[in-house]
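These are the residues of each chain, in order.
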Amino acid sequence: MRIGELAKRAGTTTRALRYYEQLGLLPARRAGNGYRAYGEEDVRLLRQIRTLQDFGFGLEETRPFVECLQAGHPHGDSCPASLEVYRKKLSELDECIARLQEVRSQVSEQFARAERERDALAAGAAAEPPQCEWAASAAPDRNTGER
């Protein structure tokens with residue numbers, strides 16, 4: 001199969017395929033006429049790469065999975081190197097989640113403080129309407145009506 005068909009079947013672009021080739025993730029085979037030639041095994045490799053990228057893995061992180069498939073294993077995550085990448089990614093995700101929980105806690109505290117201040121201002125406004133300082137002396141007294 002030629003590069004355009006492979007790109008279409010794998011849901012990517014020919015440019016991406018050339019880049020994967022350059023990185024050594026996709027084997028560069030040529031037919032007798034000089035065109036790139038690909039097989040079904042390349043579709044599997046690319047689907048593995050795309051799936052991992054969709055999960056947030058970088059291209060270098062996909063390498064052990066690709067190599068595992070190229071070694072003839074039924075799944076890209078059947079090899080110890082792939083499992084180690086999973087471990088590292090899970091650790092990164094746990095750290096990220098912990099940071100996000102800290103930020104969420106801080107934002108929640110700020111939100112609660114802002115609501116309390118708003119409520120206090122609203123309660124104060126209901127009890128005594130604000131008056132302009134310069135106009136207060138010219139305004140009639142609310143109780144007596146005198147200026």
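Residues numbered from 1 in each chain as written. Predicted model: local features only at pLDDT ≥ 70, side-chain atom pairs only at ≥ 80, totals over all residues. Heavy atoms only, no water.

Visitor: Got a minute to help me understand the overall build of the protein chain in this structure?
Guide: The helix and strand inventory of the protein chain stands at 6 helices and 0 strands. Reading the protein chain from its N end, one meets helices and strands in the order α-α-α-α-α-α. Taking all 147 residues of the protein chain together, the buried fraction comes to 24%. As displayed, the protein chain has an accessible area near 10500 Å², and 54% of this comes from carbon and sulfur atoms. (Helix = DSSP H or I, 4+ residues; strand = E, 2+ residues; numbered from the N terminus. Buried < 20%, exposed > 50% of the residue type's maximum accessible area, 1.4 Å probe, protein only. Areas by Shrake-Rupley, 256 points an atom, 1.4 Å probe, with all protein chains shown as cover.)

Visitor: Before we go on, may I ask you to explain the environment of L83 in this structure?
Guide: Turning to its location among the elements, L83 is positioned in helix α5 (residues 80-127). Sequence separation between L83 and F65 is 18 residues, and the spatial gap between their C-alpha atoms is 8.9 Å.

Visitor: I would appreciate a short explanation of the UniProt feature "coiled-coil region" (unreviewed entry) in the protein chain in the present structure.
Guide: The UniProt record marks residues 83-117 with the feature "coiled-coil region" (unreviewed entry), using the residue numbering of this structure. Counted over residues 83-117, helix gives 100% and strand 0%. Its end C-alpha atoms are 51 Å apart. (UniProt positions renumbered as here; feature names shortened; annotations may be inferred.)

Visitor: In this structure, what is going on with the side chain of E21? I would like to understand it.
Guide: One can find E21 in helix α2 (residues 14-23). For E21, the residues in contact, after removing those within four places along its chain, are L26, P27, A28, R36 and Y38. (Contact = heavy atoms within 4.5 Å.)

Visitor: When you look at the packing of aromatic side chains in this model, what are you seeing that I'm missing?
Guide: The geometry of two aromatic rings is summed up by the distance between their centres and the angle between their planes. Under the defined criterion, the tally for this structure stands at 3 aromatic pairs. Ring plane angle 85 degrees and centroid distance 6.1 Å describe the contact between F57 and F65, whose orientation is recorded as edge-to-face. A relative accessible area of 8% means that F57 is categorised as buried. Among the residues examined, F65 registers a relative accessible area of 0% and is labelled buried. Among the aromatic residues, ring-to-ring pairing joins F57, F65 and Y86 into one connected group. Sitting over the face of the ring of F57, K89 holds its NZ or CZ atom 5.1 Å from the ring centroid. (Phe/Tyr/Trp six-rings, centres within 6.5 Å; stacked < 30°, edge-to-face > 60°. Lys NZ or Arg CZ within 6 Å of the ring centre and 35° of its normal.)

Visitor: I keep staring at the pattern of salt bridges and nothing clicks. Help me out?
Guide: Using the criterion set out here, one finds 10 salt bridges in the structure. In this structure, E41 engages R29 in a salt bridge whose closest nitrogen and oxygen atoms are separated by 3.3 Å. With a gap of 12 residues between them, E41 in helix α3 (residues 40-54) and R29 in the loop between α2 and α3 connect regions that are remote in the sequence. We classify E41 as partly exposed; its relative accessible area is 45%. The partly exposed category is assigned to R29, whose relative accessible area is 30%. (Salt bridge = Lys/Arg side-chain N within 4 Å of Asp/Glu carboxyl O.)

Visitor: I tried to follow the state of the cysteines on my own but got confused; where do I start?
Guide: Formally, a disulfide is one covalent bond, and it connects the sulfur atom of one cysteine to the sulfur atom of another. Applying the stated criterion to the full structure yields 1 disulfide. Residue pairing for C68: its cysteine sulfur links by disulfide to C79, the two sulfurs lying 2.1 Å apart. Judged by the torsion about the S-S bond (85 degrees), the C68/C79 disulfide is right-handed. Taken together, the positions of C68 in helix α4 (residues 59-70) and C79 in the loop between α4 and α5 put the pair 11 residues apart, joining distant regions of the chain. (Disulfide = S-S within 2.5 Å.)

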